[in-house]
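Breakdown of the fold
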Amino acid sequence: MSEEMYDDDEYDGVIKKFMYVNRKAPYGTIYALESLEVVLIGAAFDQDISLVFMDDGVYQLKKGQDTKETEIKNFSPTYRALEMYDVEKLYVSKDSMDERGLSEDDLIVPVEVMSSEKMADLMEEQDVIFSF
Amino acid sequence: MILHTVNKSPFEKNTLISCLNHAKAGSSVLFIEDGIYAALQNTRFSDQVSSAMKDINLYVLEPDLKARGVQDNLIDGIKKVDYAGFVDLTTEHDTVDAWL
């Protein structure tokens, strides 16, 4: 009976809309790295995943991170690998970018820059929201 | 004179503002960890930090700038120090006040 459930590499259960809201800068706290780990777990179960970066969370995607001298792990290349896990919906808050003087060119991955109003609508559509 | 250290992002905590409001002329402020975001150009806090430089010495820990990929966005006049420079600053000042 369970054979039928597992006869295929693809997960064929319920697909829910998961949103991960990232609001913390990288390295100063563990939130950014922990979020990334949980995102990858969700992706392994073929869920419909959206990532939001707002407030200091936009700094997670800053190009040119070099942690060599601090001797902590630079996890920013992982954001570029998300595409391989079919995590392709990356949304960035326009207000948060503006107050930090950042533009799309400063980011390591392609994103959709979004107004707070549109972001709020997107949140409303989700089944599950994880906040980091 | 006091060496003040700020390790929290100004966007998340009011540590930067409290610190600047209590730093006397001639004292020093060193930005470390997420505090380095206070040292960047074109942010909501840039003007306030720039004007603080008129009578306070501002420093930033360069390895923390590099880790966050913002080494090219530093406000002119803020001096970069490495870990050895951090140690020098602590010995050159009478007291260290670590704003958390």
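Above this text you will find the structure in question.
Definitions and cut-offs
- Each residue is numbered by its place in its chain's sequence as written, counting from 1.
- For naming, the first written chain is A and the first written ligand is 1, with later ones following in the order written.
- It should be noted that, the model being predicted, local features are given only for residues of pLDDT at least 70 and side-chain atom pairs only at 80 or more, the latter also being counted only at that level, while totals for whole chains, interfaces and linings use all residues.
- Numbering of helices and strands runs from the N terminus, with a helix taken as a DSSP run of H or I at least four residues long and a strand as a DSSP run of E at least two residues long.
- The exposure label follows from counting other C-beta atoms within 10 Å of a residue's C-beta, where the C-beta atoms are placed from the backbone and the thresholds are 20 or more for buried and 12 or fewer for exposed, leaving partly exposed in between.
- For two strands to pair, DSSP has to find at least two bridges joining them.
- Seen with its strands pointing away from the viewer, a crossover is right-handed if its path from the first strand over the helix to the second goes clockwise.
- To count as a nonpolar core, a set of buried Ala, Val, Leu, Ile, Met, Phe, Trp, Tyr and Cys residues must be joined through C-beta atoms within 7 Å.
- Whether two residues are in contact depends on their C-beta atoms, placed from the backbone: they are in contact if these lie within 7 Å.
- One less than the residue count of a helix, multiplied by 1.5 Å, gives the span that helix is expected to have.
- This arc describes the spread of directions from the helix axis toward the C-beta atoms.

Some thoughts on the overall build of chain A
Looking only at helices and strands, chain A has five helices and five strands in total. Ordering the α and β elements of chain A from the N terminus gives α-β-α-β-α-β-α-β-α-β. Oriented by its inertia axes, the alpha-carbon framework of chain A measures out at about 55 × 40 × 25 Å. Here chain A, with 132 residues, has 31% of them falling under the buried criterion.

Quick notes on the pairing of strand β1 (residues 17–22) of chain A
Residue and element names in this part refer to chain A. Within β1, five of the six residues are buried, which leaves the element mostly enclosed by the surrounding structure. Where β1 and strand β2 (residues 48–53) come together, six bridges link them in parallel fashion. In the sheet register, Phe18 faces β2, and the bridge partner there is Ile49. Since β1 and β2 lie parallel, the crossover through helix α2 (residues 31–44) that links them has a hand, and here it is right-handed. Sheet topology places β1 next to strand β5 (residues 128–131); four bridges connect them, and they run parallel. Directly across from Val21, in β5, lies its bridge partner Ser131.

Some words on the pairing of strand β3 (residues 89–93) of chain A
Residues and elements named next belong to chain A. Across four bridges, the pairing between β2 and β3 is parallel. Looking at the pairing, Val52 lines up with Tyr91 of β3. As judged from the three bridges shared by β3 and strand β4 (residues 112–114), these two strands associate in the parallel manner. Residue pairing across strands places Tyr91 opposite Glu112, the latter belonging to β4.

Description of the nonpolar core
In this structure, Leu51(A), Phe31(B), Ile36(B), Ala38(B), Ala39(B) and Val60(B) are the most contacted members of the largest nonpolar core, which totals 49 residues. Contributions of two or more residues to this core are made by β1, α2, β2 and β3 of chain A together with β1 (2–6), α1 (15–22), β2 (28–31) and β3 (57–61) of chain B. What Phe31(B) contacts, discounting residues up to four positions off in sequence, is Val6(B), Ile36(B), Ala38(B), Ala39(B), Val60(B) and Leu61(B).

A word on unusual backbone geometry
Phi is positive for Asp86(A), which is not a glycine, with a value near 60°. Tracing the backbone through its elements, the reader meets Asp86(A) in the loop between α3 (77–81) and β3. Asp86(A) gets classed as exposed once you count the C-beta atoms within 10 Å, which come to 12. At Asn42(B), a residue that is not glycine, the phi angle is positive and equals roughly 60°. If you trace the backbone, Asn42(B) turns up in the loop between β2 and α2 (46–52). A residue is classified by how many C-beta atoms lie within 10 Å of it, and Asn42(B), with 13 of them, is partly exposed.

A short note on α2(A)
All names here are of chain A. Given a rise of 1.5 Å per residue, 14 residues ought to cover 20 Å, and the 20 Å separating the end C-alpha atoms of α2 matches this to within 8%. All of the buried residues along α2 are Ala32, Ser35, Leu36 and Val39. Along the axis of α2, the buried positions cluster into a sector of 100°, meaning they face one direction only. What points out from α2, more than 90 degrees from its buried face, is the exposed set Glu37, Ile41 and Ala44. For α2, the elements touching its buried residues are β1, β2 and α3. In the stretch just after α2, Asp46 is the one whose phi turns positive, near 50°.

That's the geometry; what it means functionally is another story.
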